[in-house]
Amino acid sequence: MAAALSAGVRFFQYRNKSGTRNEIYETARDLASLARRAGALFIVNDHADIAAAIDADGVHLGQDDLPQEYARKLLGRTKLVGVSTHSPEQARAAEKAGADYIGFGPLFSTMTKDAGSAKGTAGLALVKQAVSIPVIAIGGINHANVGDVMRAGADGVAVISAILSAPDIKKAAARMRELIGL
């Protein structure tokens, strides 16, 4: 996280699908503190209660997680609630329920998680037309295709492998920021 922060990345989501709840809490607490000191936003994936306990900037929910209205009750109106979506219908439902932003994807094939078939930039364009809240594209986004993703209307991108698997994380993060116009 420190290398990405030093490259100017200012939005982080902590995702841990295998840790104990206590491990997730402790790591999220430490990462939130680091992000706060750097002036970055910090979101906890899946766990609204942990996000509330560490005073994170918000939570990102999947389709099978706690319903967003309950996450909103835990976090209040000032915290962000994002929702993963895979279709224009899910995106509209998330917006109607009060999501601050949606994650949409997977846009391309990805090894990071099994999230269904690739939706492509055409799918992203349809979702952008369906909602008025920010749409963060996710899934298989890299330095070679991020320009296409942004031209299709994404308000931002969520990447893992494109940065974390690079030999120089800071350089990869800086290049990604440059390619998306930040």
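That block above? That's the structure.
Q: Kindly report on the overall build of the chain, identifying the contributing residues and their values.
A: Helices and strands together make up the secondary structure of the chain, namely nine helices and seven strands. Its C-alpha atoms give the chain a radius of gyration of 16 Å, within 12% of the compact-globule value 16 Å for 182 residues. With respect to the three principal axes, the spread of C-alpha positions in the chain is 40 × 40 × 25 Å. Every one of the 182 residues in the chain was classed for burial, and the buried ones make up 41%. A separation threshold of at least 6 residues defines the contact pool for the chain, and within that pool the share at least 24 residues apart is 46%. For the chain, the exposed area adds up to about 9,400 Å²; of that, 53% sits on carbon and sulfur atoms. Between the mean site of the 21 positive side-chain charges and the mean site of the 18 negative ones, the chain shows a separation of 4 Å.

Q: Explain the packing of aromatic side chains to me, and be specific about the residues and the numbers.
A: Taken as a whole, this structure holds one aromatic pair when the rule is applied. With a centroid separation of 6.1 Å and 90° between ring planes, the pair formed by Phe11 and Tyr101 is classed as edge-to-face. Taken together, the residues Phe11 in strand 1 (residues 11-14) and Tyr101 in strand 5 (residues 101-104) connect sequence positions 90 residues apart. A residue is classified by how much of its surface remains accessible, and Tyr101, at 7% relative accessible area, is buried.

Q: Tell me about the environment of Ala125, residues and numbers included.
A: The residue Ala125 is located in helix 6 (residues 120-130) in this model. Along the chain, Ala125 and Val149 lie 24 residues apart, while their C-alpha atoms are 9.2 Å from each other.

Q: Explain the environment of Leu66 to me, and be specific about the residues and the numbers.
A: Within the element layout of this structure, Leu66 appears in the loop between strand 3 (58-61) and helix 4 (68-75). As for Leu66 and Ala172, which are separated by 106 residues in sequence, their C-alpha atoms are 34 Å apart. Look past the residues within four positions of Leu66 in its chain and what remains in contact with it is Ala48, Leu61, Ala71 and Leu74.

Q: Which residues make up the sheet that holds strand 1, and what are the values?
A: Strand order in the open sheet formed by seven strands is 1-2-3-4-5-6-7, and the pairing between neighbours is parallel. The open sheet has two free edges, formed respectively by strand 1 and strand 7 (156-158), since each of these has just one partner strand. Geometrically, the sheet is characterised by an average inter-axis angle of 25° between neighbouring strands, direction not taken into account. Direction of pairing for strand 5 relative to strand 6 (residues 135-138): parallel, over a ladder of three bridges. Within strand 6, the residue paired with Phe104 across the bridge is Ala137.

Q: Can you break down the pairing of strand 3 residue by residue, with the values?
A: On any regular strand, side chains alternate: one points to one face of the sheet, the next to the other face. Neither face of strand 3 is left uncovered, since the one carrying Gly58 and His60 and the one carrying Val59 and Leu61 both have all their residues buried. Taken together, the three bridges between strand 2 (residues 41-45) and strand 3 define a ladder with parallel strand orientation. Opposite Ile43, over in strand 3, you have Gly58 as the bridge partner. Each parallel crossover has a hand, and the one from strand 2 via helix 3 (residues 48-53) to strand 3 is right-handed. Of the pairings in the sheet, the one linking strand 3 to strand 4 (residues 80-85) comprises four bridges and is parallel in character. Within strand 4, the residue paired with Leu61 across the bridge is Val83. Taken together, strand 3, helix 4 and strand 4 constitute a β-α-β crossover, and its handedness is right-handed.

Here is what the cut-offs are and how they apply
Residues numbered from 1 in each chain as written. Predicted model: local features only at pLDDT ≥ 70, side-chain atom pairs only at ≥ 80, totals over all residues. Heavy atoms only, no water. Helix = DSSP H or I, 4+ residues; strand = E, 2+ residues; numbered from the N terminus. Rg over C-alpha atoms; globule rule 2.2 N^0.38 Å. Buried < 20%, exposed > 50% of the residue type's maximum accessible area, 1.4 Å probe, protein only. Contact = heavy atoms within 4.5 Å. Areas by Shrake-Rupley, 256 points an atom, 1.4 Å probe, with all protein chains shown as cover. Lys, Arg positive; Asp, Glu negative; His and termini not counted. Charge placed at Lys NZ, Arg CZ, Asp CG, Glu CD. Phe/Tyr/Trp six-rings, centres within 6.5 Å; stacked < 30°, edge-to-face > 60°. Pairing = 2+ DSSP bridges. Axes fitted to C-alpha atoms, helices over the stretch in contact; angles between N-to-C directions. Right-handed = clockwise from strand over helix to strand, strands pointing away.

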